[in-house]
Amino acid sequence: MSEQTGHVDTVMVEQRIFPPSQSFASRASIKSLSEYQQLYDAAAADLEGYWAAEARQHLHWFEPFQKTLQWDEPFAQWFVGGKTNASYNCLDAQIAAGRGDQVAILWEGEPGDTRTLTYRDLHCEVCKFANVLKSLGVQPGDVVSIYMPMTPELPVAMLACARIGAVHSVIFAGFSAEAVADRNNDAKAKIQLTSDGLYRRGKVLPLKDTIDEALAKSSTVEKCVVLKRAGNAVQMKNGRDIWWHEAMAQASTDCPATPLDSETPLFILYTSGSTGKPKGIRHTTAGYNLYAKRTFQMVFDHQDDDIFWCTADCGWITGHSYVVYGPLSAGAKILMYEGAPNWPEEDRFWALIEKYRVTILYTAPTAIRAFIKWGDHHVDKHDLTSLRLLGSVGEGINPEAWMWYYNKIGGGRCPIVDTWWQTETGGIMMSPLPGAIATKPGSCTKPLPGVRPRIVDEKGQDVPLGRGGMLCIDHPWPGMLRGIWGDDARYKEQYWTKIPGMYLTGDNARCDTDGYFWIMGRIDDVINVSGHRLSTIEVESALVSHPSVAEAAAVGKPDEIRGQVLSVFVTLRSGQPSDELRTALKMHVRKEIGALAQPDDIHFTSALPKTRSGKIMRRLLRDIASGKEQVGDTTTLEDYTVLAKLRSDDES
Ligand code: PRX
């Protein structure tokens, strides 16, 4: 019956709760639960009024907006009639506020080379590169495809596009030529930006070679600007390819930001759809910029003396919102790092935190689980006392990984903001405000002011507290996607059809009696055992709480009697695969969350299949668990050898 209602059963109980310390709360901009609640309730009572006031206060307007929201479901326009510019908000507005000589970006390359850019330096680079783009014929609305390493030139390129009303499409520099060409063709990109190569684990990856292959299949791309980064030999195609430094040498530093309509497209960012065809998520200028800035300020409780490090690549939404647009429009000092976390050693992140006195670290559960696996001795070598706040994003964080992050990295002193959001939402939707909301390991706690989440069944009815259901958002918000590039029908179908009147996130969640939200995984990943619908994260968290387990992925496998049975894939932190351990893990899950969730099979493996942004690909594991010879679409898989390893690990 629960299959039809969309309910999800919950089997996990987490009792631990961590209130913010007095010293953290007293310094925070939102200092107590009652202060949060007042703010939240006032915003909820008048969402448009709330966002209008925020927009007036926190963005620069060349011309004021006339209407806060024009909502023709499912198409939203925010701050209609206003003119602003995201590059202006990130740069000129900061200089005007006296931050010209303040550090904007502290950068370190993988080989250890360093650069520091003040807001004035960044402004200068961005103006010059905007002029380069103009000289190449880029007009407002043209799409610029960016396939670059995490050097300062990547934000420079993004902000240069924003400055002149061009639309950037950043493609993570680990994607294949085929993937780049698909995205370029879908977006009709006019210009390509790349570099000769990038450093990754001590090696040089030849980006330009990949781009040459991609451009052979990208018929709309006219020019390609190439940054010299790694010094590897490249072929420059006459008439098409230009060196970045040569173009910049002649460019003027004078390029006033163009006043742009609020709804001017700012960027496209491709996410992998379930069908395999990537979706170009479209974000626009004013609403997105406001949302990135305000969520950054609130969730990270940003203060003037903070050094903020978001470890995401700009190829993902986290890099867009919390490396570039959020922090820079809030005048923050950010750290940017080019390379791998385990180069030259597995302590690189901790060395960087110590060296730059990072105060806020924002990273992903996949990284945290890797750190746990690599061992505490890497952490122990470094002084991490500069940290005051930790963040997590991208997947659910298993409570035991949360505890490790809290104790080992945060020294039991730093609140953790577990931030739930999506490429589509533009910015964080649910998260603790760290001075105000006590945290519970594994919960993203409460919605931010101006956001109204609902948990509903198939009919769109709210499910009772404590029950799992589909997570929806019931009112537009400024950071929301405005559509899928070139595919309104898919946009409507995917997000707005199943539950009329609400944005369907595609995640399941439950809300506990304290009003805390717990994300339960993707709707498509629910496991149905004898009519009980189990969430992936609860089973996985039970496994990860065993001292031998580093990572776990749970999937359903067809079973004639019970519908599905649980099949789990486990990587070990210590110990060797054995039948004894298999039995011990089964008993452990049974003890932690009950007999119903006891796995039927346990596969030990040296690695789990992940997307390039680090998410476990349960879809592929489902195919393997059910014995399919051919697994589904693998184009987003990070490491193709993992599939072969999974099969051979399984046979052993
Ligand atoms: O399933 C949720 C998971 O990641 C999805 C969004 O992925 P993407 O668009 O790639 O954006 C990632 C960066 C925002 C969500 O639908 N997810 C993200 N954050 C969390 C999470 N699941 C649980 N807890 C989170 N904090």
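This structure is a prediction, so every number in the text was calculated from the model and none was measured.

Asker: Sorry if this is basic, but what is going on with the packing of aromatic side chains here?
Answerer: The way to describe two aromatic rings as a pair is by their centre distance and the angle between their planes. With the rule as written, the count across this model stands at 38 aromatic pairs. Plain terms: the ring middles of W78 and F79 are 5.5 Å apart, the flat faces sit at 50° to each other, and that makes the pair tilted. Of the residues examined, W78 reaches a relative accessible area of 0% and is grouped as buried. According to the relative accessible area criterion, F79 is buried, its value standing at 0%. Three or more aromatic residues joined by ring pairs form one cluster here, namely W71, F75, W477, Y491, Y495, W496 and Y503.

Asker: I'm lost on the environment of K223 in this one. Help?
Answerer: Considering the arrangement of structural elements, one finds K223 in strand β11 (residues 223-227). In this structure the C-alpha to C-alpha distance between K223 and Q192, which are 31 residues apart in sequence, comes to 6.2 Å. Other than its neighbours up to four places away in sequence, K223 contacts L136, K190, I191, Q192, G239, R240 and I242. A polar contact is formed between the side chain of K223 and the backbone oxygen of G239, at a distance of 2.9 Å.

Asker: Any chance you could explain the sheet that holds strand β17 (residues 333-337) here in plain terms?
Answerer: Strand pairing in a sheet is mediated by backbone hydrogen bonds. Such pairs are either parallel or antiparallel. Taken together, seven strands build an open sheet; the order of strands is β5-β4-β17-β16-β18-β19-β20 and the sheet is mixed. With partners counted over all chains shown, the strands left at the sheet margins are β5 (114-118) and β20 (416-418), one partner each. Sheet twist, expressed as the mean angle between neighbouring strand axes with direction ignored, is 20°. The pairing of strand β19 (residues 389-392) with β20 spans three bridges and is classified as parallel. Following the sheet pairing, S392 is matched in β20 by D418. Sheet strands in contact with helix α6 (residues 119-135) are β4 (103-108) and β5, and its direction is about 90° off that of β5.

Asker: So what exactly am I meant to see when it comes to the layout of surface pockets here?
Answerer: Empty space among the atoms becomes apparent when a probe as large as a water molecule is rolled across them. In this model, the second largest pocket occupies a volume close to 230 Å³. Lining the second largest pocket are 16 residues, with K293, R294, Q297, H302 and A330 sitting closest to its centre. Those elements giving two or more residues to the lining of the second largest pocket turn out to be α5 (86-99) and α11 (285-299). When its residues are assigned to classes, the lining of the second largest pocket shows five nonpolar, six polar and five charged.

What counts and what doesn't
- Residues numbered from 1 in each chain as written.
- Predicted model: local features only at pLDDT ≥ 70, side-chain atom pairs only at ≥ 80, totals over all residues.
- Heavy atoms only, no water.
- Phe/Tyr/Trp six-rings, centres within 6.5 Å; stacked < 30°, edge-to-face > 60°.
- Buried < 20%, exposed > 50% of the residue type's maximum accessible area, 1.4 Å probe, protein only.
- Helix = DSSP H or I, 4+ residues; strand = E, 2+ residues; numbered from the N terminus.
- Contact = heavy atoms within 4.5 Å.
- Polar contact = N/O pair within 3.5 Å; in protein donor to acceptor, adjacent residues only side chain to side chain.
- Pairing = 2+ DSSP bridges.
- Axes fitted to C-alpha atoms, helices over the stretch in contact; angles between N-to-C directions.
- 1 Å grid on protein atoms, 1.4 Å probe; cavity = no way out; pocket = protein on both sides within 12 Å on 5 of 7 lines; lining within 4 Å.
- Points joined across faces, edges and corners; volume = space filled by probe spheres on them.
- Nonpolar A, V, L, I, M, F, W, Y, C, P; charged D, E, K, R; others polar.

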